[in-house]
Each structure stands twice: as structure tokens, then as C-alpha cells.
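Structural overview
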Amino acid sequence: IFLGPPGSGKGTQAKKLSSEKKWPQLSTGDMFRNSIQKGTKLGNMAKSYMDRGELVPDQVVIDMIADRIHDSDCKNGFILDGFPRTLPQAIALEELLIQQKLSLDKVVCFRIEDTELVTRLSGRRTCTQCGSMYHVEFAKPKKEGFCDRCNDFKLFQREDDQPQVIQNRLKVYHQQTSPLEGYYNKSK
Ligand code: AMP
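Residues numbered from 1 in each chain as written. Predicted model: local features only at pLDDT ≥ 70, side-chain atom pairs only at ≥ 80, totals over all residues. Heavy atoms only, no water.

**Comments concerning the pattern of salt bridges**
Following the criterion strictly, the structure yields 10 salt bridges and no others. The residue Arg111 makes a salt bridge to Glu181 at a minimum N-O spacing of 2.9 Å. You can see Arg111 sitting in the loop between β4 (108-109) and α6 (114-122) and its partner Glu181 sitting in helix α8 (residues 179-186), a full 70 residues away along the chain. Put simply, Arg169 and Asp161 hold a salt bridge, and the shortest N to O gap is 2.8 Å. What emerges from the salt-bridge pattern is a single network uniting Arg124, Arg158, Asp160, Asp161 and Arg169. (Salt bridge = Lys/Arg side-chain N within 4 Å of Asp/Glu carboxyl O. Helix = DSSP H or I, 4+ residues; strand = E, 2+ residues; numbered from the N terminus.)

**A closer look at the environment of Gly82**
Mapping Gly82 onto the fold places it in the loop between β3 (79-81) and α5 (87-99). Since its relative accessible area comes to 7%, Gly82 is described here as buried. Contacts of Gly82, omitting those with residues within four sequence positions, involve Phe2, Lys10 and Thr28. (Buried < 20%, exposed > 50% of the residue type's maximum accessible area, 1.4 Å probe, protein only. Contact = heavy atoms within 4.5 Å.)

**Description of the packing of α5 against α8**
At a closest axis distance of 10 Å, the pairing of α5 and α8 adopts a crossing angle of 35°. For the pair α5 and α8, the contacting residues are Leu87, Ala90, Ile91, Leu93 and Glu94 in the first and Leu180, Tyr183 and Tyr184 in the second. Of the residues that constitute the contact of α5 with α8, the class distribution is seven nonpolar, no polar and one charged. (Axes fitted to C-alpha atoms, helices over the stretch in contact; angles between N-to-C directions. Nonpolar A, V, L, I, M, F, W, Y, C, P; charged D, E, K, R; others polar.)

**Notes on the sheet that holds strand β5 (residues 124-127)**
Read across the open sheet, the three strands follow the order β6-β5-β7; overall the sheet is antiparallel. Each of the sheet's edge strands pairs with one partner strand only, and the pair in question is β6 (133-135) and β7 (155-156). Alignment of β5 against β6, held across three bridges, turns out to be antiparallel. Looking at the pairing, Arg125 lines up with Tyr134 of β6. (Pairing = 2+ DSSP bridges.)

**Digging into the site of the ligand**
Taken together, 16 residues sit near the ligand, with Thr28, Arg33, Glu54, Gly82 and Gln89 positioned nearest. Here a nitrogen atom of the ligand sits 2.8 Å away from a polar atom, N or O, in the side chain of Thr28. Interatomic distance of 2.9 Å between a side-chain N/O atom of Arg85 and a nitrogen atom of the ligand. Considering each element in turn, the shell around the ligand owes the most residues, four residues, to helix α2 (residues 28-38). When grouped by side-chain class, the residues that make up the shell around the ligand number six nonpolar, four polar and six charged. (Near = heavy atom within 4 Å. Polar contact = N/O pair within 3.5 Å; in protein donor to acceptor, adjacent residues only side chain to side chain.)

Okay, structure coming up:
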């Protein structure tokens, strides 16, 4: 499990580990963004929460992860990026792992100051095509506003990387997700 606030680098590090170990990266945020792009019912529902920086209801996320970990590419392990985010999700995950005869190897906690997270998130830009991340100051593309890798596909700013939504996402993280650090420390 990669556990940490938005903008702490969970996704970036999960991607690296995933390609090194050949474990799939299960990012619940990416799954929702895919559903939004496809215009599914799940996507439309998730969007209303995501745009406000709120969490999607637990049971929706739990069902989505339960489905995904049954896929054959998950049988030798997987990296959870952005799940669990609440205590009920963590408890549901335990049950899912028992059912699948899997065990949790590690929880990696990312700890970064809020001010740094705001700087990172507000300058973050993503490729519409390949999902590559850039930053307007720290990781500029060669041509402003366009992806280096995808033949000049346009970069966009995520709705939830707008200043007010960022503040709410951090508040939600401190209230609902950071207690999981203690939960996993206790169960070590
Ligand atoms: P992320 O890309 O991980 O920052 O997730 C973007 C948004 O998707 C979050 O702000 C939530 O609205 C939603 N989301 C992603 N993962 C979860 C989760 N485990 N539980 C509830 N909502 C989630």
C-alpha cells in the first residue's frame, strides 16, 4: 500500500515499482478518471465527489477494488495507490485479502508538508493522452503546454488541482486518511 497525501508522489513511485517488479499499479483515482472519460454511470457519480475534493463513498470504492483484484494479473501481487483512504476501506481490504489468500507485505507512508503539496499540486499538469505528469516550474515540458512524449498532445490541469479543491483534499486527507498510519503501525 502506498499511503500519503495528494501530491506526495505515490503515483509516480508506484509506477516505477510497478514496471520494475511487474506488479500492477491499482490507482483508484486513475480508475475513476478512466470511468469519467468513458462517461459511465460510475464515472459520473464519482466526478461529483472528486470535483469537490471529497471522497467517493466507501462501498463504491471497495466494490471497484474487489472486482479489480480478481483479475489474473493481480495473482502475484499488486500495488495499491490511493486505496485504502478510510478505516472502513482498510477493514474491507483485510477481508478481501483473506478471501484471496493474499497478505499485506508493506505499507509505505509518504510524509510531506502541506505547503509543499500545495505548490506541487497547483503547478501540476497532465498529458491528456499518456497521463505523464509535468510541473509548470519544476518539470517543464520542452514546449509549454504540450507533452514531450506524445507528439505534442496538450497538457491539462486536473479539476481537483484547483486551489480551493486542493485545500479540501488536504483537509479530507488529514481527517480521514492519515489515521490509517496509526492503524497500520499498530497491526505491524
Ligand atoms: P487521486 O488521484 O488518488 O488523488 O484521487 C482523486 C480523487 O478520486 C480523490 O480526491 C477522491 O475523490 C477519489 N478517490 C480516489 N481514491 C479513493 C478512495 N480510495 N476512496 C474514496 N475516494 C477516492
